[in-house]
Amino acid sequence: MEPERQSYKGHRIELRARAADELRAREVERDEELELLIDDQPVRYGQLPDGSYALHEYAHDWSDNLMDLAKKFIDYRDRTDMIRREAEPRRGK
């Protein structure tokens, strides 16, 4: 994977190189050399035995393309936020 940056539905997705000290601290885990950020917030991910990626917070889906997976995660968060907003008025009654 190469560092990459994209915008998607008003969100910024970025794959960037990890800092050297961060890489050393994470050597116990899979040695991912890139970190995934959505709106400047780190998103943990791992790689499955078949080579596809999965996000720790969104294990419902996986993909061989981490940027596509980040877009699916944004869609998922948007849908859950919308459902919560729609449910809020009903709780108050």
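Calculation notes
Residues numbered from 1 in each chain as written. Predicted model: local features only at pLDDT ≥ 70, side-chain atom pairs only at ≥ 80, totals over all residues. Heavy atoms only, no water. Core = buried A, V, L, I, M, F, W, Y, C linked by side-chain atoms within 4.5 Å. Buried < 20%, exposed > 50% of the residue type's maximum accessible area, 1.4 Å probe, protein only. Helix = DSSP H or I, 4+ residues; strand = E, 2+ residues; numbered from the N terminus. Contact = heavy atoms within 4.5 Å. Phe/Tyr/Trp six-rings, centres within 6.5 Å; stacked < 30°, edge-to-face > 60°. Pairing = 2+ DSSP bridges. Axes fitted to C-alpha atoms, helices over the stretch in contact; angles between N-to-C directions. Salt bridge = Lys/Arg side-chain N within 4 Å of Asp/Glu carboxyl O.

1. Description of the nonpolar core
- Ranked by internal contacts, the top residues of the largest apolar core, which has 17 residues, are Ile13, Leu36, Tyr45, Leu55 and Leu66.
- Of all the elements in the fold, those that place two or more residues in this core are strand 2 (11-17), strand 3 (34-38), strand 6 (53-55) and helix 2 (66-92).
- Looking at this core, the element that brings in the most residues is helix 2, giving six residues.
- Discounting residues that sit within four places of it in the chain, Ile13 has contacts with Glu4, Arg5, Gln6, Tyr8, Leu36, Leu37, Met67, Ala70, Lys71 and Ile74.

2. A look at the packing of aromatic side chains
- If you walk through the whole model with that rule in mind, you get three aromatic pairs.
- Ring geometry for Tyr45 versus Tyr53: centroids 5.8 Å apart, planes at 70°, classification edge-to-face.
- Through pairs of rings, three or more aromatic residues link up here, namely Tyr58, Phe73 and Tyr76.

3. Looking at the pairing of strand 1 (residues 4-8)
- Pairing of strand 1 with strand 2, which is carried by five bridges, proceeds in the antiparallel orientation. Residue pairing for strand 2: Tyr8 is matched across the bridge by His11.

4. Some words on the sheet that holds strand 4 (residues 41-43)
- Taking strand neighbours across the sheet as the criterion, the four strands line up as 1-2-3-4 in an open arrangement whose pairing is antiparallel. Each of the sheet's edge strands pairs with one partner strand only, and the pair in question is strand 1 and strand 4. With strand direction ignored, the average angle separating the axes of adjacent strands in the sheet is 25°.
- In this structure, strand 2 lies alongside strand 3, joined through five bridges in antiparallel fashion.

5. Section: the pattern of salt bridges
- All chains considered together, the criterion is met by six salt bridges.
- Ionic pairing is found between Glu14 and Arg5, a salt bridge with its closest N-O pair at 3.0 Å.
- Notably, a salt bridge pairs Asp61 with Lys72, separated by 3.4 Å at the nearest N-O pair. Of this pair, Asp61 sits in strand 7 (residues 58-63) while Lys72 sits in helix 2, and the two are eleven residues apart along the sequence.

6. Quick look at the side chain of His11
- Relative to the helices and strands, His11 resides in strand 2.
- Beyond its immediate stretch of four places on either side in the chain, His11 contacts Gln6, Asp39, Ile74, Arg77 and Asp78.

7. Here we look at unusual backbone geometry
- One non-glycine residue with positive phi stands out, namely Lys9, at about 50°.
- Checked against the element boundaries, Lys9 lands in the loop between strand 1 and strand 2.
- Note on Lys9: relative accessible area 56%, which makes it exposed.
- Although it is not a glycine, Asp39 sits at a positive phi angle of roughly 55°.

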